[in-house]
Amino acid sequence: MTVEERGSGPGTDVLIRKVDSHLAALRTGLQGPELELAEQLARCLRELVIATAHSSAADRGLVRAAVHYFVLRRESRGRLLSVRSLAAAQRVVNKAVRQLGRPDLLVETRRERPSRAPALSTGDSALR
């Protein structure tokens, strides 16, 4: 018999374990911005799982689908998700976050911001 923790909804522990075990697998092969993105996605998904434990079935289903999208491998070669797959998971997770009205949990990539900002400011100063 499985005993669930009081205060958690059905399947909450299972979803969090799936996220955590997938993140552990990603940590063995990713580094830098890709690993940071995977960790942000995992953190967001854990928060959504906990926040929707007692929500409607539709909300819980949305979060469950986002978790499954993150943990499923979609490439035939190799053990890990490609960076492109992480970006696709990011879009799915962010869509769920918006639908649940939790914009505070949006996952943004930081690696894109620094490369764009210096290029624009350098170009602007060169034109002056």
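As shown above, the structure is provided for reference.
Quick look at the structure, then. (Residues numbered from 1 in each chain as written. Predicted model: local features only at pLDDT ≥ 70, side-chain atom pairs only at ≥ 80, totals over all residues. Heavy atoms only, no water.)

### What about the pattern of salt bridges?
Applying the stated criterion across every chain yields a total of four salt bridges. Of the charged contacts, one joins Arg102 and Glu47 as a salt bridge, the two residues approaching to 4.0 Å between their closest N and O atoms. Taken as a pair, Arg102 in the loop between α4 (83-99) and α5 (112-127) and Glu47 in helix α2 (residues 32-51) lie far apart in primary sequence, 55 residues in all. Linked through salt bridges whose partners overlap, the residues forming this network are Glu47, Arg102 and Asp104. (Salt bridge = Lys/Arg side-chain N within 4 Å of Asp/Glu carboxyl O. Helix = DSSP H or I, 4+ residues; strand = E, 2+ residues; numbered from the N terminus.)

### A look at helix α3 (residues 57-71)
Each α-helix winds once per 3.6 residues, and so residues spaced three or four apart point in a common direction. Over its 15 residues, α3 extends 21 Å from the first C-alpha to the last, a length consistent with the 21 Å expected when each residue adds 1.5 Å. For α3, every residue scored as buried is listed here: Val63, Ala66, Val67, Phe70 and Val71. The buried side chains of α3 occupy one side of the element, clustering within an arc of 130 degrees when seen end-on. Of the residues in α3, the exposed ones pointing more than 90 degrees away from the buried face are Ala57 and Ala58. (Expected span 1.5 Å × (residues − 1). Buried < 20%, exposed > 50% of the residue type's maximum accessible area, 1.4 Å probe, protein only. Arc of directions from axis to C-beta.)

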